[in-house]
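Listed here are the chains, written in short residue letters.
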Amino acid sequence: MTTRRDLLHSLPATGAAFAVAGHLLLEDSPAAAQPAPAQPLAGHFHPLGKAPSRHTIAALEEARRTLPFTDTRDFEENRRGLIAAMPDRQIANDAGGIAWDMDRFNFLDQRESFDSIHPSLHRIARLNNNYGLYEVVPGIYQVRGFDLANITFVQGRTGWIVFDVMITTEVARAAWRLFQQHRGQGLPISAVVYSHNHVDHWGGIRGLLTEEEVRARNVAVIAPAGFMRNAIEENVYAGNAMNRRLAYQYGQLLTVSPHGFVSQGLGQGVSNGVVGLIGPNRIVERDIEAFEVDGVPMVFQNTPNTEAPSEMNTYIPGLKALWMAENVTATLHNIYTLRGAPVRDALRWSKYIGEALYRFGTEAEVMFASHHWPRWGNQRVQEVLRAQRDLYANMNNQVLHYANQGVTINQMHKVYRMPEQLQQTWYARGYHGSPEHNARAVVQRFLGFWDCNPATLIPLTPEEAAPLYVEMMGGPERIIARARTLHEEGRYQHASEILNRLVFAEPGNRPARELLADVWEQIGYQQENPGLRNSFLNGAYELRSGLSLAEGTSSTTPDVIRAMPTELFLNFLAIRMDPRRAEGMRFTINLVTPDNGERFIVELANGTLTNIQGFQAARADLTLTINRANLEQVMAGQKTLEAQIADGTARVEGDVTVLTQLASLMVDFDPRFEVLPGTRPADQQVARAEAYQAVPRAMVPE
Ligand SMILES: [Zn+2]
């Protein structure tokens, strides 16, 4: 019988990963001869920032030597079809700030290599430096580089059919203007296709259209099944935590620079402006639907639970053009996204790509998507579709293959190895997902977080465990001395392991925090994946400077509030409610919203707030009747519920004090909560929301 241990040791290139770490530091070993701490680097954006070490430089050199840099097809495809570069390097936003600043990324083209940027990451960052209007084929045009995602214009019989509209009003408006200057012929927008529910594909709509125009000109706004609910839902329940984690994945504290933020992989970054939402008026419900959009025959393929919960590909037979939404881009995408979201289904994702390959890809002459650049020629289209199909299937199958032999979530990232051929394929590289975090995600999807070792089943918290570790390791001085040696040897993960314990045991230990920051910085420089790089560098920043995120103005726009189903709003109130203080309280509310015909029972019992749609309690403590349109003002924080009751907009019957009781239980979530101990300044105040305000924070792009 093969034991788990045998298996791990039989796997090539993993023996070292699981070997017991080097020599032990003995009492009389030369710890006194420890290396001098690294000195800050002049020109680094942070005063405590360090230069890449010789180990980091060697790791990047190794990547330069082994990756297929002689394959430059991506650069040729990326340049192809340029009609006009965008002349304005900055795009202003309506609040008087800057929505988009392309000059920040100029440094990427000024040097052939950087010793603080993984060469493959530098490569995708340079590819993402495209900025202008491109022809895909005559009749299809893309504006690229204005935001994380692209905007695409397809010629219809009477106007332009827009595929995806980027994140904000301002950049969408600028893209439309550039397009009109060169190819738009003054024709209007005749239809909009939202490929999926992530905000970088719908948030910019108000830069192109108003709701009145959509109605007056009968503009079709087309979306995949489940679009509206998923557009809102994905960001509500855990929205505050997601926004905090986004600071890590997207490196929000980092300066754009060789030692900081470089690119987000899918695109250079996220625009900063007004997010809007105009709901679809045509939903593609069936698996496959074919219909004309402004005179252009199109075939839509729903691909639910792939890159997004609600997503669809589109084929335009007349142009032999295949739109792969965000299902096929120039990268390995996220099975698990570091900002947090339910783990995606890699096998299903692969199957939908396989279906697109055999349904459309056998004749398509061009493939284009909502990020990155197109692929031309049927051979190239098929090549990319096949490799992407295999990439996600391999991830699913290989991980489960080893999981079925006992490899756990805590080992899988060191066991999973992408097939050599895919490793040598640029569009399979991890510019958004990484093989490491995706491999763990597949285990999480099928087996969950537990590795089946009872020691980790109900573990001590990091705060509880750390002091004992520090004590048993001989105290802080010994840990720091050992960590300095590990740092000098380039064994950064080992150094991180022990310093992290010390930081949790002694949040005020400045040398420990600064050394851990130095360690994470080197790990960050070595990453190809932007999310991993940003997370380590953002962690280093917080350890060095503390948490200095300005509290984001809540970007809950009226459009988003209007799109939020009442049930979702009530579910969110139940999450905001302080469960400890609610213990012992009990009441039942009937909620009626006559203008949309909805009814709910909202009940507080057992320290828990629940709601059920479509029911009314026979003996409620209170019946609250308010039109959904007026409730939206409450949800948006524009008018309180009390004011609505006082002026008769809302009607109440029964004991109105239950509303005051419920309001008193609502907690405001602060997006600046502490991730690393001791990093949060004491004087920061949480901005107060109205008790019944819906505050799902910013929508999260992907
Ligand atoms: Zn996207």
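The structure this text deals with has already been given above.
Read on for an overview of the structure. Just so we're clear, the structure is a prediction, and the values are computed from it rather than from any experiment.

Rules behind the numbers
Residues numbered from 1 in each chain as written. Predicted model: local features only at pLDDT ≥ 70, side-chain atom pairs only at ≥ 80, totals over all residues. Heavy atoms only, no water. Helix = DSSP H or I, 4+ residues; strand = E, 2+ residues; numbered from the N terminus. Rg over C-alpha atoms; globule rule 2.2 N^0.38 Å. Contact = heavy atoms within 4.5 Å. Lys, Arg positive; Asp, Glu negative; His and termini not counted. Charge placed at Lys NZ, Arg CZ, Asp CG, Glu CD. Buried < 20%, exposed > 50% of the residue type's maximum accessible area, 1.4 Å probe, protein only. Pairing = 2+ DSSP bridges. 1 Å grid on protein atoms, 1.4 Å probe; cavity = no way out; pocket = protein on both sides within 12 Å on 5 of 7 lines; lining within 4 Å. Points joined across faces, edges and corners; volume = space filled by probe spheres on them. Nonpolar A, V, L, I, M, F, W, Y, C, P; charged D, E, K, R; others polar. Salt bridge = Lys/Arg side-chain N within 4 Å of Asp/Glu carboxyl O. Expected span 1.5 Å × (residues − 1). Arc of directions from axis to C-beta. Polar contact = N/O pair within 3.5 Å; in protein donor to acceptor, adjacent residues only side chain to side chain.

1. Considerations on the overall build of the chain
For the chain, the helix and strand inventory stands at 24 helices and 21 strands. Over its C-alpha trace the chain gives a radius of gyration of 27 Å, about what one expects of a compact globule, namely 27 Å for 702 residues. A principal-axis box enclosing the C-alpha atoms of the chain has dimensions of 80 × 70 × 60 Å. Considering only residue pairs separated by 6 or more positions, the chain has 73% of its internal contacts joining residues 24 or more positions apart. The positive charge centre, built from 65 side chains, and the negative charge centre, built from 76, are 3 Å apart in the chain.

2. Topic: the pairing of strand β12 (residues 296-302)
Most of β12 is tucked away, with six of its seven residues classed as buried. As judged from the six bridges shared by strand β11 (residues 288-293) and β12, these two strands associate in the antiparallel manner. Bridged to Ala290 within β12 is Val299. Taking the residues between adjacent antiparallel strands as the criterion, β11 and β12 are bridged by two residues, where Asp294 takes a positive phi near 45°.

3. Quick notes on empty space enclosed by the protein
Applying the stated criterion across every chain, the model contains four cavities of 30 Å³ or more. Roughly 160 Å³ of volume is contained in the largest cavity. Lining the largest cavity are 14 residues, with Leu570, Leu573, Leu591, Leu624 and Tyr692 sitting closest to its centre. Elements with a minimum of two residues in the lining of the largest cavity: α21 (566-576), β17 (587-593), α22 (628-635) and α24 (657-663). In terms of residue count, α21 provides more of the lining of the largest cavity than any other element does, three residues in total. Per-class residue counts for the lining of the largest cavity are 14 nonpolar, no polar and no charged. By volume, the second largest cavity is sized at about 90 Å³. Forming the walls of the second largest cavity are 14 residues, and the residues nearest its centre are Asn128, Asn130, Gly145, Asn150 and Gly267.

4. Quick notes on the pattern of salt bridges
This model, assessed by the stated rule, comprises 46 salt bridges. With a shortest N-O distance of 2.8 Å, Glu77 and Arg380 are connected by a salt bridge. In this pair, Glu77 is assigned in helix α4 (residues 73-79) and Arg380 in helix α11 (residues 378-403), connecting sequence segments 303 residues apart. Glu528 is paired through a salt bridge with Arg429; the nearest N and O atoms lie 2.9 Å apart. Separated by 99 residues along the polypeptide, Glu528 in the loop between α18 (510-525) and α19 (530-545) and Arg429 in the loop between α13 (420-423) and α14 (435-447) bring together distant segments of the chain. Residues joined in a network through salt bridges with shared partners are Asp71, Arg73, Asp74, Glu77, Arg123, Arg375, Arg380 and Glu383.

5. What about helix α3 (residues 54-66)?
Compared with an ideal rise of 1.5 Å per residue, which puts 13 residues at 18 Å, α3 spans 18 Å between its outermost C-alpha atoms and is within 8% of the ideal. For α3, every residue scored as buried is listed here: Thr56, Leu60 and Ala63. When α3 is viewed along its axis, its buried side chains cluster within an angular range of 55° and face the same direction. Exposed side of α3, more than 90 degrees from the buried face: Arg54 and Arg65 are the residues found there. Close packing links the buried residues of α3 with α5 (119-127), α17 (492-505) and α18.

6. Side note on the environment of Asn611
Position of Asn611 among the secondary structure elements: in strand β19 (residues 608-613). On the accessibility criterion, Asn611 (18% relative accessible area) is buried. The spacing of Asn611 and Ile222 is 389 residues in sequence and 31 Å in space, taken between C-alpha atoms. Look past the residues within four positions of Asn611 in its chain and what remains in contact with it is Glu567, Leu570, Asn571, Phe600, Ile601 and Val602. Within polar-contact distance, the side chain of Asn611 engages the side chain of Asn571 at 2.8 Å.

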